[in-house]
Every structure is written in structure tokens, then in C-alpha cells.
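Structural overview for review
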Protein chains: 2
Amino acid sequence: MDYPSLLLENAVSELSKLPGIGRRTALRFALHLLKNDPIVTSQLADSITKLRSEIKFCRICNSISDHETCFVCNDMKRNHGIVCVVENVRDVMAIENTHQYNGTYHVLGGIISPIEGIGAKDIDIEHLISRVREGGIEEIIMALPTTIEGDTTSFYINKMLIGCGVRVSAIARGVSVGDNIEFADEVTLGRSIANRLPFSEMYK
Amino acid sequence: MDYPSLLLENAVSELSKLPGIGRRTALRFALHLLKNDPIVTSQLADSITKLRSEIKFCRICNSISDHETCFVCNDMKRNHGIVCVVENVRDVMAIENTHQYNGTYHVLGGIISPIEGIGAKDIDIEHLISRVREGGIEEIIMALPTTIEGDTTSFYINKMLIGCGVRVSAIARGVSVGDNIEFADEVTLGRSIANRLPFSEMYK
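Fair warning: this is a prediction, and the values are worked out from it, not measured in the lab.

**Concerning the side chain of Arg78(A)**
All names here are of chain A. Following the sequence through the fold, Arg 78 ends up in the loop between helix H4 (71–74) and strand E3 (82–86). Among the polar contacts made by the side chain of Arg 78, one reaches the main-chain carbonyl oxygen of Tyr 101 at a distance of 3.1 Å. Those residues in contact with Arg 78, other than ones at most four positions away along the chain, are Val 72, Glu 96, Tyr 101, Asn 102, Gly 103 and Tyr 105.

Shown next, in the form of C-alpha cells:
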């Protein structure tokens, strides 16, 4: 498509680098910004520039933070003996939103994926092992995706933790709350049955 | 959703003001920017800031441009006696991409819509009328959407142009090229039949 303006062309090119955004949607964004108050555009530009330049990664758990350490690692009311291992910050936010977890996190920043060329050294596993070796951690909860990559990463970390004296667990997999049994896929339903719990423990 | 960082929260708020983008997608954008090279973010911020501050609107046809007048109005090879009236710049780009049109444009910047509180004074009709009154224009082609609002705007402009000595036409509506007749909606098919052309004129 030909653009009537080089400035527009540039903005569309940059906006279309956002994930899942093609040139057509990028053009819609650009024309929206042109139509709106200039303040909207400058606030957007400012906020993303600041985000990129000022945000920090927690030096303990690797989660994003405005300070040296994140709000979870700073919180002395939380149980620092339990560490939940997740792929990215979105997972931290999802678990935090359940208000069911009182431990801390470790954000790997990715999972082992030979196809994408991501090895064990490219994600933050080493740091996790050294956190465990420093002591004070009793349990590691694996909360990685149930894909080949996620399972590989979980197995790898589990292997690395042998002899470190920590309990390694994994989050429960099963039929979603509210889902019909008949529509659940076989693997999930199979796991739900295999990992059944005493009824009395279900609602504790 | 709780955000682990105020900087992230701000970026998500601003990104979710883009059309069709909710907070979940905005978060995906923000985390994508965080993961990528800082240059990507600064280029994005720069391009939208420049777009908003430096872009001009062609003083003849109201289309967007890097200069005082747009590339169409500047082009002396084009037929300045024909003006195609469109709603917005996206329509100009769509028509330009056909490489079938050699006239100029007039971008209204909206259409009359009483529901949205947009009246005839809010869009660039007056400027179009004065362009016609200045002389040199023989034909006005209406290329507005076939909605109640689009039709209202077309009728209004047509009425304003009575006595100005210009021919007013409208782009043809009919079954799309490549579409099956059986799946065309009744109104479109009806128009296609009513506005049929001599076969010899079809491929001229």
C-alpha cells in the first residue's frame, strides 16, 4: 500500500512491529492518534519510553519492578521459603490475582525450546539454583506450561535440584472449575482422575 | 488486575487507549517492548511523536501530507477538474491503490451523523463548496459509505452544489468482482441490475 506521507509510513512500520499487529491495524492506530488530542500521543510515547528505560528487574526473583527488588520479595509477611517457578511476568500477575498464594516467585524469562534456539543457559535457571543453595527455601512449585517445552524445563530444573534438599512440587492439572466433564480433553480428564484428592481436602 | 509496577501500569493504560485494544492486549504489547531491544521502543515512541507533531493537512484537499499540499494536489499530471469526495484518508489510500483514478480528492474528515453529534458544520463541506465556486472543477464523484449517514452526507452535498455548474456522480455499487451472484445481498444485487451497463462499456 502506498502512503500519502513518510511520517505516516514510519509510524505504521513501527506500530506493526507490535505482536499480532499487521499494517492495516497499525494504520488504524496511526490515524486514531492523528485524530485525537496531541496529549494522548505524547502520553503514550512518554509512557513506553519510561517503561523501557526506567523499569528494573527484581534482583531476587527476576520479576519486573520499579525498584531494585519487587513488591513480592519486599513483603516480609509472605513466606520466603516457598518459590513458585514461572515462565514470565504475566504468570506472576495471574497467580497474584487468585489471592491464594503467599510465597515468592522465580521468573525464568522463557522456557527451554530447542526449536527456537533457547537452551537452559538462556533462561534464568542458574540463578534459581543459587537461590536454593543459599538456603532458606523449603519448596519449589513448578508452574510452567504443560507443553513439551514446559515439561522439558520442569524436568531439567527438577534434575538440577536433586540433592539440594528442597521439596519440588507442581501445580495441579485437571478439569477447570465450572467445566463440564464430558467436554474435557482426555489427557486433562485422565490427570484429574489419577491425581484425585480426598474429598475432605478439596475445600479446605 | 494488579500490576507489579507503576511504570507498567501507566504504559498499559496508555496502550489500551488505542482502538480495539483492551488491557490484556496492551499488557502483551508492553511486555513485548520490555523483552525487545530498547531501540525498538524508542523508534516507536519517536515515530508516533513526530507523526502527531509534524504531519500537515493538505490545504487544498484536507488529506494528510508531509508538506503544505499533498502529493495528489501537487501532481500536475493529474486531472484537477475531477474531485472525489471521501470520508477519510484511508479511502484516499484505497482508491490510490486501484491505480484507476487520475483525479484529485476532497477528504471530509467524517460524515454527518446526528447520533454522534456530527453536523454538516463539523466536517469539511464548506471548503469543498468554496473549491467548486473558485472554478476549474467539472465533476464531483461521491465515494461515501452506503449507510444512512453516508447517504445523508451525499444528499446534503449534492443539494449544496445545485447551481454551481458541476456534474455530481457517485461510484458504482454492485456485486463484487469474483463474488457469486447467489450469495450477494438483495440490495446490492438489485442495484447491480438497475445500474447495468452496455456490455461493450464494461471492459473499456
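Moving on from the model shown.
**Details of the relation of the copies chain A and chain B**
In the superposition of chain A on chain B (RMSD 0.1 Å, axial shift 0.0 Å), the rotation amounts to 180°. The transformation just described matches what one would write down for a two-fold rotation axis. Taking the C-alpha atom as reference, chain A places Ala45(A) closest to the rotation axis, 2.2 Å from it. Of the residues that chain A buries at the interface, 100% are likewise interface residues in chain B, meaning the two copies contact each other through the same surface.

**Focus: the packing of helix H1 (residues 6–15) of chain A against helix H3 (residues 38–54) of chain B**
Two numbers describe how H1(A) lies on H3(B): the axes approach to 9 Å, and their chain directions differ by 150°. Along this stretch, H1(A) crosses H3(B), giving a crossing that reads as left-handed. Packed against H1(A), whose contacting residues are Leu7(A), Leu8(A), Asn10(A), Ala11(A), Glu14(A) and Leu15(A), the element H3(B) presents Val40(B), Gln43(B), Leu44(B), Ser47(B), Ile48(B), Lys50(B), Leu51(B) and Glu54(B) at the interface. Along the lines of polarity and charge, the residues of the contact of H1(A) with H3(B) split into eight nonpolar, three polar and three charged.

**Side note on the domain arrangement of chain A**
The domain boundaries assigned to chain A delineate domain 1 (6–54) and domain 2 (57–202). Here domain 1 of chain A and domain 2 of chain A have C-alpha centroids that lie 35 Å from each other.

**Focus on helix H3 (residues 38–54) of chain A**
Counted at 1.5 Å a residue, the expected span for H3(A) with its 17 residues is 24 Å, and the 24 Å between its end C-alpha atoms agrees. Taken together, the buried positions of H3(A) are Val40(A), Thr41(A), Leu44(A), Ala45(A), Ser47(A), Ile48(A), Leu51(A) and Arg52(A). Angular distribution of buried residues about the axis of H3(A) spans 160°; they occupy a single face of the element. Check the buried side of H3(A) and you find it contacts helix H2 (23–35) of chain A together with helix H1 (6–15), helix H2 (23–35) and H3 of chain B.

**Quick notes on the state of the cysteines**
Residue and element names in this part refer to chain B. Counting across every chain of the model gives zero disulfides over all chains. Between Cys 58, a free cysteine, and Cys 61, which holds the nearest cysteine sulfur, the sulfur-to-sulfur gap is 3.7 Å. Since its relative accessible area comes to 2%, Cys 58 is described here as buried.

Reading the values: the criteria
Residues numbered from 1 in each chain as written. Chains lettered and ligands numbered in written order. Predicted model: local features only at pLDDT ≥ 70, side-chain atom pairs only at ≥ 80, totals over all residues. Heavy atoms only, no water. Helix = DSSP H or I, 4+ residues; strand = E, 2+ residues; numbered from the N terminus. Polar contact = N/O pair within 3.5 Å; in protein donor to acceptor, adjacent residues only side chain to side chain. Contact = heavy atoms within 4.5 Å. Least-squares fit on C-alpha atoms with pLDDT ≥ 70 in both. Axes fitted to C-alpha atoms, helices over the stretch in contact; angles between N-to-C directions. Left-handed = near helix turned anticlockwise from the far one by under 90°. Nonpolar A, V, L, I, M, F, W, Y, C, P; charged D, E, K, R; others polar. Domains from an automatic or database assignment. Expected span 1.5 Å × (residues − 1). Buried < 20%, exposed > 50% of the residue type's maximum accessible area, 1.4 Å probe, protein only. Arc of directions from axis to C-beta. Disulfide = S-S within 2.5 Å.

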